[in-house]
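# A structural walkthrough
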Amino acid sequence: MKRFPTVSSSAWPLTCPHRLLTKRLLSGRAQLIPASPRTPRHSITNPKPEPTFFHSASTRFSALPFKQYTLPPKGKMTDSIDLPASSKPAAPTVRTAYIALGSNLGDRIGWIEKACHEMDARRIKVKRTSCLWETEPMYVLDQDRFVNGACEVETTLEPLELLDALQDIENSLGRKKLIDKGPRNIDLDILLYENLKFEHERLKIPHIGIPEREFVLRPLAELIPDKPLDHTRPWTLTRDLLDALPPSSTPITTMTPLSSHGHPPIQALNPSRKTHVMAILNMTPDSFSDGGRNIASSSLESTIQSFLDAGATMIDVGGQSTAPRTPQVSAKEEIGRVVPAIKMIREKFASRDVLISVDTYRASVAEAAVAAGADIVNDVSGGSMDPDMLPTVARLGSTICLMHMRGTPADMSSLNEYPEAEGGLIGGIARELVGRVAAAEAAGIRRWRIVLDPGLGFAKVGPQNVDVLRHLDELRSWPGLQGLPWLVGSSRKTFIGQVTGVPTPKERIWGTAATVAAAVQGGADVVRVHDVKEMAQVVAMADAIWRY
């Protein structure tokens, strides 16, 4: 049942002499509430052109009438209310705005990330971002596909000042407008500014193109699905406008960059995408399955070579075992384990097109690994075990995999209760991952830099892991998680031994193969495996069946 926000009384003429009434719809019951007396119009004499806008008193869409202002040419929001002589000038008001992001030339994602960095440096703080979406061009069709997104920003700049700042960013990044709606390396548009309706020859808010453009509505609906964009139609929400659009001739997909080295991004909604095979490279003497195997330099190089020859597209380097009851090593020792391996891959296999992730929950290890050449941070704790992890990854600009886990590796096995009243197993995992995504965004990580992992074997025991594999598609479509790519790591785990009766981890190849096929069928974008040669073949066959 659709929720109706409070209906504004701004539809009444401002000159109406009568006391206004507003109607509030609460839980399906109409209730009449007296409104405040009509709001006086404040005006200032200014040279033309004279921008005007209407301001809703609250982002919660209260019943207070919209105020009409007139602004000076530079867009300063002033009001002719007299203040006491003793009053000090008020601090600039922080406003929330929504900015459209677009590019279809060169390193499209790179240009958008540079623009966000420039906004942060110019009093336009990027608070949240949508996913990035690859879309067909609109209006001028003879041009390359676009990457589009949106971001929520906080700023003290007023509308025209914000427009000037965004255009200056475009110019500083080398944008040259040759054809209207034609190719551009970067495009920044103001979509919304608070709850204002703003009219000026240079700028209209809300942006007039929002209702007809899927490439705008799709990312905007990720950020504010329940916000009405037109105060005269408060029952029409962002998601309603998106749902009203006809289906795209070519379905659009999200894009998740994996590195800055030109690797293709993951397109998590592309039905014909190929699954990445991530090889596990444990640089530990005590991992549950292959501890100590890769410590010698000669065997390490041979192992890496075999991974790449077998079809691995990623290598996950770990220096701290997360098996239960395994003692923690120091950060210095962990760095000493993973950094040489990462450097070896980059130096001895420079000609091979391989991505490197570092398996760590420590910020200092992640930073050292990225400096050595790692592309992705794979954190089994989802950024919860080290408070510096998420801010560090945000500063580095790397992609992070947030895994679902409760507690620590020492106590996670006892934290496996998921009450049905709280959504059960799948609902519990989804809700807690939504929280980790929010924490990552609050730390400054762009949404398009996030990969998720359901955490098989972590705070889940026995049949629970099988249940996660059964319902992976449900997790992928969970509100707040849609469009994000997923990594699944089932290789050789205890639940496979329990089902198949195979006690030795190295001998669980056939059971692992079944879980890998199930992961691909459920929508996984990356599978993390020990037995690369065998699982690469499983992935190739599973892709042929389900990815077409």
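Residues numbered from 1 in each chain as written. Predicted model: local features only at pLDDT ≥ 70, side-chain atom pairs only at ≥ 80, totals over all residues. Heavy atoms only, no water.

## Brief notes about helix H6 (residues 331-348)
Side chains that are three or four residues apart share a direction in an α-helix, a result of its 3.6 residues per turn. This is how the line gets drawn: Elements are defined by DSSP. Helices are runs of H or I of four residues or more, strands are runs of E of two residues or more, and each kind is numbered from the N terminus. Here the expected span of a helix is defined as 1.5 Å times the quantity of residues minus one. In what follows, a contact means two residues having at least one pair of non-hydrogen atoms within 4.5 Å.
If you check H6, its first and last C-alpha atoms are 26 Å apart, about what 18 residues at 1.5 Å a residue would give, namely 26 Å. On its buried face, H6 is in contact with strand S13 (276-282), helix H5 (297-310), strand S14 (314-318), strand S15 (355-359) and helix H7 (363-372).

## Thoughts on the packing of H7 against helix H8 (residues 389-396)
Just so we agree on the cut-off: Every axis corresponds to a line fitted to the C-alpha atoms, with the helix fit spanning only the stretch in contact, and the corresponding angles, defined between N-to-C directions, vary from 0 to 180 degrees. Any angle between 65 and 115 degrees counts as roughly perpendicular, while under 35 counts as roughly parallel, over 145 as roughly antiparallel, and the rest as oblique. Two helices crossing with the near one rotated counterclockwise from the far one by less than a right angle form a left-handed crossing, whereas a clockwise rotation gives a right-handed crossing. Note that Gly is not counted as nonpolar here; it falls among the polar residues with everything else outside the nonpolar set of Ala, Val, Leu, Ile, Met, Phe, Trp, Tyr, Cys and Pro and the charged set of Asp, Glu, Lys and Arg.
One can describe the packing of H7 onto H8 by two numbers: an axis separation of 9 Å at closest approach and a directional angle of 20°. Classified by the angle between their axes, H7 and H8 sit roughly parallel to one another. For the element pair H7 and H8, the recorded crossing hand is right-handed. Seen from H7, the contacting residues are Ala363, Ala366, Glu367 and Val370; seen from H8, they are Met389, Thr392, Arg395 and Leu396. Residue composition of the contact of H7 with H8, by class: 5 nonpolar, 1 polar and 2 charged.

## Brief notes about the pattern of salt bridges
Stated formally: Every case where a carboxyl oxygen of Asp or Glu lies within 4 Å of a side-chain nitrogen of Lys or Arg is listed as a salt bridge. A 1.4 Å probe rolled over the protein chains alone gives each residue an accessible area, and that area as a share of the maximum for its type sets the label: buried under 20%, exposed over 50%, partly exposed in between.
Scanning all chains against the criterion turns up 28 salt bridges. Residue Glu334 is joined to Arg362 by a salt bridge in which the shortest nitrogen-to-oxygen separation is 2.6 Å. Remark: Arg362 occurs in the loop between S15 and H7 and Glu334 occurs in helix H6; sequence separation between them is 28 residues. Residue Glu334 shares its accessibility class with Arg362, and that shared class is buried. Residues Arg447 and Glu441 are paired through a salt bridge, measuring 3.7 Å at the closest nitrogen-oxygen approach. Residues joined in a network through salt bridges with shared partners are Arg108, Glu134, Glu136 and Arg145.

## A few points about the pairing of S14
Note the threshold: Two strands are counted as paired when DSSP detects at least two bridges linking them. By convention, orient the strands away from the viewer: a clockwise path from the first strand over the helix to the second makes the crossover right-handed.
Counting buried residues in S14 gives 5 out of 5 residues, a clear majority hidden from the surface. Relative to S14, S13 runs parallel, the two sharing 5 bridges. Paired with Met278 across the strands is Met314, a residue of S14. Regarding the hand of the β-α-β motif, the stretch spanning S14, H6 and S15 is right-handed.

## Structural notes on the sheet that holds strand S19 (residues 487-488)
On the basis of which strands lie adjacent, the open sheet formed by 8 strands has the order S18-S17-S16-S15-S14-S13-S20-S19 and parallel pairing. The sheet is open, and its two edges are formed by strand S18 (450-453) and S19, each paired on a single side. Across 4 bridges, strand S17 (residues 399-403) lies against S18 in parallel orientation. Following the sheet pairing, Met403 is matched in S18 by Asp453. Sheet contacts for helix H14 (residues 532-546): S13 and strand S20 (526-529); angle to S13, the most-contacted strand, approximately 165°.

## Overview of the packing of aromatic side chains
Condition: Pairing of aromatic rings covers Phe, Tyr and Trp, the last counted by its six-membered ring, and requires centre-to-centre distances within 6.5 Å; plane angles under 30 degrees mean stacked, over 60 mean edge-to-face, and any other angle means tilted. Two thresholds decide whether a charge sits over a ring: the Lys NZ or Arg CZ must be within 6 Å of the ring centre and within 35 degrees of the ring normal.
A complete count under the given rule lists 0 aromatic pairs for this structure. Here the basic side chain of Lys114 rests over the ring of Trp111, its NZ or CZ set 4.8 Å away from the ring centre. Above the plane of the ring of Trp133 lies Arg218, whose end atom (NZ or CZ) is 5.8 Å from the centre.

## Looking at the confidence of the model for the chain
Caution applies to low-pLDDT parts of the model: their predicted coordinates are not meant to be read in detail. Counted only if it meets this: Here pLDDT means the predictor's own confidence in every residue, given as a number from 0 to 100.
Chain-level statistics for the chain give a pLDDT mean of 86 and a share of 82% at 70 or above. Counted against residues more than four places away or in other chains, residues 1-50, with its pLDDT under 50, gives 86 contacts. Low pLDDT (under 50) marks residues 74-81, which in the prediction has 24 contacts with non-local residues, meaning those over four places away or in another chain.

## Topic: H5
Basically, it comes down to this: Taking the helix axis as origin, the arc is that swept by the directions to the C-beta atoms.
Between its first and last C-alpha atoms H5 spans 20 Å; for 14 residues at 1.5 Å apiece the expected length is 20 Å, and the two agree. Considered for burial, the residues of H5 that qualify are Leu300, Thr303, Ile304, Phe307 and Leu308. Each buried residue of H5 sits inside an arc of 130° when the element is viewed along its axis, so together they form one side. Pointing more than 90 degrees away from the buried face of H5 are the exposed residues Ser298 and Asp309. Buried residues belonging to H5 abut S13, S14, H6 and H14. Following H5 by one or two positions, Gly311 has its phi on the positive side, about 115°.

## Describing a nonpolar patch on the surface
Condition: Each patch is built from residues lacking any salt bridge and having more than 30% relative accessible area; the joining distance is 9 Å for like charges and 5 Å for nonpolar side chains (Val, Leu, Ile, Met, Phe, Trp, Tyr). The Shrake-Rupley method, run with a 1.4 Å probe, gives the accessible areas here. Residue values count only the displayed protein chains as cover.
A contiguous nonpolar patch, built from Met541, Ile545 and Trp546 and spanning about 310 Å² of accessible area, is present on the exposed surface. Mapped onto the elements of the fold, Trp546 is located in helix H14. Since its relative accessible area comes to 38%, Trp546 is described here as partly exposed.

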